[in-house]
Amino acid sequence: MVNRPKPPGKTKHLLTLVIIVLLLWASAKQTDASFAELFTGGPEMWKLLKEMFPPRWSYFDNIVQGMLETIRMALLGTTIGAIIAIPISIICAGNLAPSRWIYYPARFLLNLIRTVPDLLLAALFVAVFGLGPVPGILALAVFSVGLIAKLTYETLETIDKGPLEAMTAVGMNRIQLIVYGVVPQLAAQFTSYVLYAFEINVRAAAILGLVGAGGIGLYYEATLGFLEYDKTNTIIIFTLAIVLIIDYVSTKLREKLL
């Protein structure tokens, strides 16, 4: 006789539904959110959309340089972050770090980096370095370190230990172990993580200009400040087209690598 597990009863599903509804209700209550306000703001949203269309296509020539600057910021920030993330991910990996007294503090620092929003980082760097793309690049670099290092050290802990044990048995040191045993197993995944971070950074760089960190965000701030929503719509459409192209190319590259 085979003891098949009993399917969950209806009471369990009903209880789960009640808990979810209560959580949603409590969250809406504490945040003063209501569907009435949503429907009340509907006509105003319609007015805003009417002001955004048709887009002012003549404004396109003004924003090309800003978009190119945004892409450059994302590229530099991702590259710097990826380089810094390599040693950090090795230190955070439990199977490569020599002691838990090393990788636990390193992971705590990594979690701290990932906690700070990129807009806040950009605002802090603007206060230090002034207006321009440099604060945006640094903010994206810090964000990339947190993202890439997190994904990389989790992958490092799942690699095949057989080659590492064999190399250790023949007397290879730790650096040789990483170069010949770890890098070949991780290269494709690491490249995929870098491409993924670049995709995210292009989106993030598009709004860093709102705090003075350069890029296309400066044009968002200017057009929204003067209530020129038709120009804002032109920027949104241009940004969407660039993001879709980058996502498509990045996805194809990751498919080839993996």
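Residues numbered from 1 in each chain as written. Predicted model: local features only at pLDDT ≥ 70, side-chain atom pairs only at ≥ 80, totals over all residues. Heavy atoms only, no water.

Peer 1: Lay out unusual backbone geometry with the relevant residues and their values.
Peer 2: The omega angle of the peptide bond from Phe53 to Pro54 is -5°, so this bond is cis rather than trans. Among the secondary structure elements, Pro54 is positioned in the loop between α3 (42–52) and α4 (60–92). At Leu227, a residue that is not glycine, the phi angle is positive and equals roughly 60°. Within the secondary structure layout, Leu227 lies in the loop between α10 (217–225) and α11 (229–257). Judged by relative accessible area, Leu227 falls into the exposed class, the value being 55%. (Helix = DSSP H or I, 4+ residues; strand = E, 2+ residues; numbered from the N terminus. Buried < 20%, exposed > 50% of the residue type's maximum accessible area, 1.4 Å probe, protein only.)

Peer 1: Quick one: what's the story with the packing of helix α6 (residues 118–129) against helix α7 (residues 133–156), residue by residue and with numbers?
Peer 2: For the pair α6 and α7, the least separation of the axes is 8 Å and the interaxial angle reads 140°. When the axes of α6 and α7 are compared, the pair comes out oblique. Of the two possible hands of crossing, α6 and α7 adopt the one that is right-handed. Residues Asp118, Leu121, Ala122, Phe125, Val126 and Phe129 of α6 form the contact with α7, whose participating residues are Pro135, Leu138, Ala139, Val142 and Phe143. Looking at the contact of α6 with α7 residue by residue, the classes come out as 10 nonpolar, no polar and one charged. (Axes fitted to C-alpha atoms, helices over the stretch in contact; angles between N-to-C directions. Parallel < 35°, antiparallel > 145°, perpendicular 65-115°, else oblique. Left-handed = near helix turned anticlockwise from the far one by under 90°. Contact = heavy atoms within 4.5 Å. Nonpolar A, V, L, I, M, F, W, Y, C, P; charged D, E, K, R; others polar.)

Peer 1: Pulling in residues and values, what's your account of the packing of helix α5 (residues 100–115) against α7?
Peer 2: As a packed pair, α5 and α7 sit with axes 8 Å apart at the nearest point and diverge in direction by 135°. One element, α5, and the other, α7, form an angle in the oblique class. As α5 runs across α7, the sense of the crossing is left-handed. For the pair formed by α5 and α7, the contact residues are Arg107, Leu110, Ile113 and Arg114 on the first element and Val142, Val145, Gly146, Leu147, Ala149, Lys150 and Tyr153 on the second. Split into classes, the residues belonging to the contact of α5 with α7 amount to seven nonpolar, one polar and three charged.

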